[in-house]
Structure formats: structure tokens, C-alpha cells
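Each chain, written out:
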Amino acid sequence: GTHTLDELLASVLPRGHDFELLHLQDEPAQTHDIVTPMPTTQERADTLTVKIQHFFTLFHNKKAVFALEIYVYLTLSSLHNTKLIFVSKADTSGYCDIKLRMGDITKVFLQYLISVDPLHYLRKVKPLRRVNDHDESLIRKGTSVERSLRILAVRVDLSPHPCQNTDKFYITRNDVGGDTNWVTKICLFTRPADDYLFIGSSKNAKKHKLNGDQLLKWWMKIIDGLVCTDFDPNNVSARLRVPGEDTGRVSRTYLNGDLTQSNNWQVGDIFGGTGNDLAVFHVPLFPDDPKSRFIRHLVQENRIMKTNLKTYWMELQERQEFKLSVIVSVIGVEGHTKKIPDYLPNDREIFICSSRRQFRYIRSYVAGEEYDNEEGTLESYVNVRDYLELRYSKKLLKLSGTREPEIRKPVVASTTKRSAIPVTLLQPRKKAKPAK
Ligand code: ACO
């Protein structure tokens, strides 16, 4: 069967160590289309998009050590239903006293979200604000394309509207046509930064940061792992795009088989369109995403209806927000999962907030703290633990690692193929604890 979140996490955390986890989910809310629909398409009316935010923080020795922010978008239409997992931010504080494998930890969080039944989110959905006819932020039949796009551009950086109409609606298995085999998508934008969630943590000399190239490879290993273990090999496409780099080079550098196990990888993205198509109708709009910010910028510059995908990707790389020569990438997966996503999270492993405000408030105990010294990370732990207990009688999820100490691989001369190493050469790690 499907594993609970603590089973999944325990398997990648070292044996003999205890951890605690904060897992917040905000209330599912109806939202705008992820990709701007072409003004001519009829599809639009029967599409419903629901947005959900997840926030995970892992604590060890009463210190926040790793955090991950993810958005899930469910798109329901008469054609097919899609669950899109947008990985927004991953960060470490650098205050962990033991060595953790953050890549493996990140992978199991994604495995968990892949396994979650979309209907889990659809039991209570906050509708989009009902706006009156004079509302200028509404796109109507008569609204010009230019104007519509301006409105959309503003929406990109707005979280779902504060709700005037608080009637929640819900969707059942019948409403989705009994469809259980949703299309699952994963997408992310890899860009290294000093600190994404643990503000000031880059001042901690012990924090390990990956550069652009390393980060790209780090994510590729995680996502390729998921493609191999969780997706149907006959029904999945995996895509990598490095803005500013041509197809041949990306293919030779990253998709030559050294980095990936799956043979479903190609250069490109999962949002369709060819180089000559307008970018605006193919680039998804996610919160706090450089791709979306650039779309908005094109609207402001009045170039949105002229910029094709080829120009868009080329110019994106030249944007000021990317430090010169830092490698960024867009990674995407689309396909059917091996196992039908039917997991229903239990009460222990998730705290579902009853409002966006509550979600932001609790999240800010972690992401609003200063991490330039160890105090901050201890404070965030005490604050979030006490707040949850006093206010909601809710405890952080306790975890004990079950992963055995690692076996260190011998250093291999660069001419030797990795697969050629006989297993007998493996040596136990020097620091491995003696068995008690
Ligand atoms: N010294 C030397 N090497 C180290 C150290 C260290 N202190 N810590 C980890 N490593 C090595 C690991 O051994 C591993 O090497 P291997 O693959 O050869 O075994 C490699 O670095 C990766 O280690 P992980 O534990 O998997 O990952 P890491 O601790 O580097 O965490 C992360 C990855 C979260 C990206 C971290 O670098 C970080 O916090 N960066 C700053 C924020 C950031 O850029 N986030 C990513 C944004 S993109 C996005 O989120 C969509």
C-alpha cells in the first residue's frame, strides 16, 4: 500500500536520530488558469483550477534544518484532470548537527504529494471571489486582449482573492467522471540563492549551498529518480530547458545518460508550443516565479503580443534578476503514475489551515525568523511548537530515522565506469557507529 509521510521520511533519515516535522496545508482555493488561454479557445468555460499550498519544515535537535514550499494545482476539465506539483522553494539552515541527505528527503516529500488523492483537496474549496459587474479586474467578452493580459499580469503576483462569498464547494469522485487516473505534472525552476526560506542563513558558514550547475544536477537526480520509481515508463515525458543554451548543448551536457536513468528525457518543456508561438499562451503563471515575472514585464513593456517563445527564453536568461552566468533551468515531468494517487493524509501528518491568513501566520514562525545565528532556528522551533500546542492542541509529527549508516564508495579513477566497481570493494564509512 501507500506509505504514510512518517514512514517515507523515516526511511531517508539516519537510524538513531529523532526529528520533528511541521506540515502545513492551506485551504484549497479556486484560482485562475495556470496558462493564459488563447482568447479564441472554447475550452475555457469548463475548466476549473484549484490551488493548494504545502509548507514542510524538518526539525532536528530543536532546530529547523530544512524547509520546502510546494504548490499543487488541480485542473478539472471535460478533457482530462491534471494534478500539477510546482516546487517553489527548497532551503537549508545549515544548523544541522548531523549529515542529512537533503536530496533524498526532498524526493520523499514529492513522492508523498504524488501519492495524495486529488479528492483530498476537493472536499472543501474556496470559490473565486464573486465580483460585481463594475469590477475592473474582471475579464469579460468585450475586454480587449491587451486589457485582459494586463489584468492577468496583475493577477500573477496576487494570491487568490480575499473571499467575499465564503460558501465552500466540494467535488466528489462522480463530479470528476469517476476518473482516478489523473495526469500528474511536476515542474520547477532551478535557481541558486543564498537563502529562500531561512532568511540570513547564508551568513552561517556551515550552510552548504549548491551553485547553478550543481543545483540543476541535484534536481535532475531527484526528478529522474521520481520518473523511474513513480511514473509509468510508457506514459511519461521528462523535459529540461536551460534558458540561453541551445538544444544540442543541453542535450550533450545534461542528457547524455550520465545524470539520468530514464530514457524519457528531452530538451524542452511540458507546456507545449513551438518557437514561433506567442509565449503568453504557453508559459504558466506561478507565484514568485521568474518566468511569470518576465511575462508581467513584457505586458508592461507592451511587447506581450509580439514575443514568441524563442525570444522569450533567450531574453529570460539575460534578465537582471539572474546574476551573470548563473545557470538556471526549467524542469518538467508529465505523465501517469504507476500507482493511482489514492492516499488520504492522516490528521497526525498534516495541519490543514482553515484560512490563508492562518497558513501565513504559522508559516511566518519559520520563514519570518532570522537565521544569521543559531538563536533564530531554536526560536522558530519553540514558537511553532508552542503555538500549535496551545492554540490547536496539535503536535509536530515525531519521526525516528530508520536508514542504516552509509557505505562510502571508494574513489574511482575517472576512466573507470561506475557500474564496473565490484561490490566487494565497498568499505564501511570510518565514522560509522559501532553497533550497540
Ligand atoms: N560540504 C561538502 N559537501 C557537502 C556538504 C558540506 N557541508 N553538505 C552536503 N554536501 C554534498 C553531499 O555529500 C552531496 O554530494 P553527493 O551528491 O556527491 O553525495 C551534495 O552535497 C548534495 O547534498 P544534499 O544533502 O543532497 O543537499 P544540500 O545539503 O546541498 O542541500 C540545497 C541542497 C537545499 C539546495 C542547499 O544547497 C541549499 O540550501 N541551497 C541554498 C538555497 C537554494 O539554492 N535552494 C534551491 C532553490 S531552487 C528550488 O527550490 C526550486
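Overview of the structure.

1. Some thoughts on the packing of helix α6 (residues 290-300) against helix α7 (residues 309-317)
In a packed pair of helices, the relevant descriptors are the angle between the two axes and the axis-to-axis distance.
Move 1: Running from N to C, α6 and α7 cross one another at 110°; their axes reach a closest spacing of 11 Å. Classified by the interaxial angle, the pair formed by α6 and α7 is roughly perpendicular. Crossing of α6 against α7: the hand is right-handed. Listed contacts from α7 to P290, K291, S292, F294, I295 and L298 of α6 are Y312, W313, E315 and L316.
Move 2: Its residues placed into classes, the contact of α6 with α7 shows seven nonpolar, one polar and two charged.

2. Here's the deal with empty space enclosed by the protein
Move 1: Enumeration according to the criterion identifies three cavities of 30 Å³ or more in this entry.
Move 2: Roughly 80 Å³ of internal volume is contained in the largest cavity.
Move 3: Around the largest cavity, the lining residues are L21, L22, H23, R348, E349, I350, F351, L388, K394, K395, L396 and L397.
Move 4: Here the lining of the largest cavity takes three residues from strand β1 (residues 18-25), the largest share from any one element.
Move 5: Along the lines of polarity and charge, the residues of the lining of the largest cavity split into seven nonpolar, one polar and four charged.
Move 6: In this structure, the second largest cavity occupies an estimated 60 Å³ of space.

3. A few points about the side chain of E349
Move 1: Residue position: E349 is located in the loop between β9 (329-337) and β10 (351-352).
Move 2: Despite its burial, E349 remains without a salt bridge, the nearest opposite charge being carried by R348 at 5.8 Å.
Move 3: Of the polar contacts made by the side chain of E349, one reaches the backbone nitrogen of L5; its length is 3.0 Å.
Move 4: A polar atom in the side chain of E349 sits 2.8 Å from the side chain of Y343.
Move 5: Leave out the neighbours within four places in its chain, and E349 touches T4, L5, D6, H23, Y112, Y343 and L397.

4. A short note on the site of the ligand
Move 1: Neighbouring residues of the ligand: 23 residues in total, closest A90, T92, G103, H208 and W218.
Move 2: A distance of 2.8 Å separates a nitrogen atom of the ligand from a polar atom in the backbone of A90.
Move 3: T92 places a polar side-chain atom, nitrogen or oxygen, 2.6 Å from an oxygen atom of the ligand.
Move 4: Out of a free accessible area of 990 Å², the ligand has 73% covered by protein chains.
Move 5: Taken together, the elements giving at least two residues each to the shell around the ligand come down to β5 (82-92), α2 (102-115) and α4 (212-230).

5. Some thoughts on α2
Move 1: With 14 residues, α2 extends 20 Å between its outermost C-alpha atoms, agreeing within 8% with the 20 Å of an ideal straight helix rising 1.5 Å per residue.
Move 2: Of all 14 residues making up α2, 13 are buried, and the element is well covered by its neighbours.

6. Overview of the nonpolar core
Move 1: Among the nonpolar cores identified, the biggest contains 63 residues, and L58, I105, I223 and L240 are the most heavily contacted of them.
Move 2: Look past the residues within four positions of I105 in its chain and what remains in contact with it is L9, V12, L13, L58, F66 and L100.
Move 3: Core analysis: the next-biggest nonpolar cluster, separate from the first, contains 22 residues, F198, Y387, L388 and L396 among them.

7. Re the pattern of salt bridges
Pairing between side chains of opposite charge can happen when the charged atoms of each approach one another.
Move 1: Per the stated rule, a full pass over the model turns up 24 salt bridges.
Move 2: For the salt bridge of E404 with R15, the shortest nitrogen-to-oxygen distance reads 2.8 Å. Placement of the pair is E404 in the loop between β11 (397-400) and β12 (407-408) and R15 in the loop between α1 (5-10) and β1, with a sequence separation of 389 residues.
Move 3: Overall, the relative accessible area of 47% leaves E404 in the partly exposed class.
Move 4: Linking E69 and R363 is a salt bridge whose minimum nitrogen-to-oxygen distance equals 2.6 Å. Here E69 is found in strand β4 (residues 63-76), whereas its partner R363 is found in helix α8 (residues 356-367), with 294 residues between them in sequence.
Move 5: The exposure class assigned to R363 is buried, which follows from its relative accessible area of 19%.
Move 6: One connected set of salt bridges, linked through shared partners, spans E69, K89, D288, R293 and R363.

8. Digging into the side chain of D289
Move 1: If you trace the backbone, D289 turns up in the loop between β8 (265-267) and α6.
Move 2: You can call D289 buried: its relative accessible area is 2%.
Move 3: A polar atom in the side chain of D289 sits 2.9 Å from the side chain of K291.
Move 4: Beyond its immediate stretch of four places on either side in the chain, D289 contacts F86, F189 and P284.

9. A few points about the pairing of strand β3 (residues 48-60)
Residues in a regular strand point their side chains to alternate faces of the sheet.
Move 1: In terms of burial, β3 is a largely internal element, 13 of the 13 residues being buried.
Move 2: Of the pairings in the sheet, the one linking β1 to β3 comprises seven bridges and is antiparallel in character. Counted as the bridge partner of Q25 is H54 from β3.
Move 3: Two elements, strand β2 (residues 29-31) and β3, share three bridges in a ladder whose sense is antiparallel. Looking at β3, one finds that Q30 is bridged to V50.
Move 4: In this structure, β3 lies alongside β4, joined through 13 bridges in antiparallel fashion.

Cut-offs and rules
- Residues numbered from 1 in each chain as written.
- Predicted model: local features only at pLDDT ≥ 70, side-chain atom pairs only at ≥ 80, totals over all residues.
- Heavy atoms only, no water.
- Axes fitted to C-alpha atoms, helices over the stretch in contact; angles between N-to-C directions.
- Helix = DSSP H or I, 4+ residues; strand = E, 2+ residues; numbered from the N terminus.
- Parallel < 35°, antiparallel > 145°, perpendicular 65-115°, else oblique.
- Left-handed = near helix turned anticlockwise from the far one by under 90°.
- Contact = heavy atoms within 4.5 Å.
- Nonpolar A, V, L, I, M, F, W, Y, C, P; charged D, E, K, R; others polar.
- 1 Å grid on protein atoms, 1.4 Å probe; cavity = no way out; pocket = protein on both sides within 12 Å on 5 of 7 lines; lining within 4 Å.
- Points joined across faces, edges and corners; volume = space filled by probe spheres on them.
- Buried < 20%, exposed > 50% of the residue type's maximum accessible area, 1.4 Å probe, protein only.
- Lys, Arg positive; Asp, Glu negative; His and termini not counted.
- Salt bridge = Lys/Arg side-chain N within 4 Å of Asp/Glu carboxyl O.
- Polar contact = N/O pair within 3.5 Å; in protein donor to acceptor, adjacent residues only side chain to side chain.
- Near = heavy atom within 4 Å.
- Areas by Shrake-Rupley, 256 points an atom, 1.4 Å probe, with all protein chains shown as cover.
- Expected span 1.5 Å × (residues − 1).
- Core = buried A, V, L, I, M, F, W, Y, C linked by side-chain atoms within 4.5 Å.
- Pairing = 2+ DSSP bridges.

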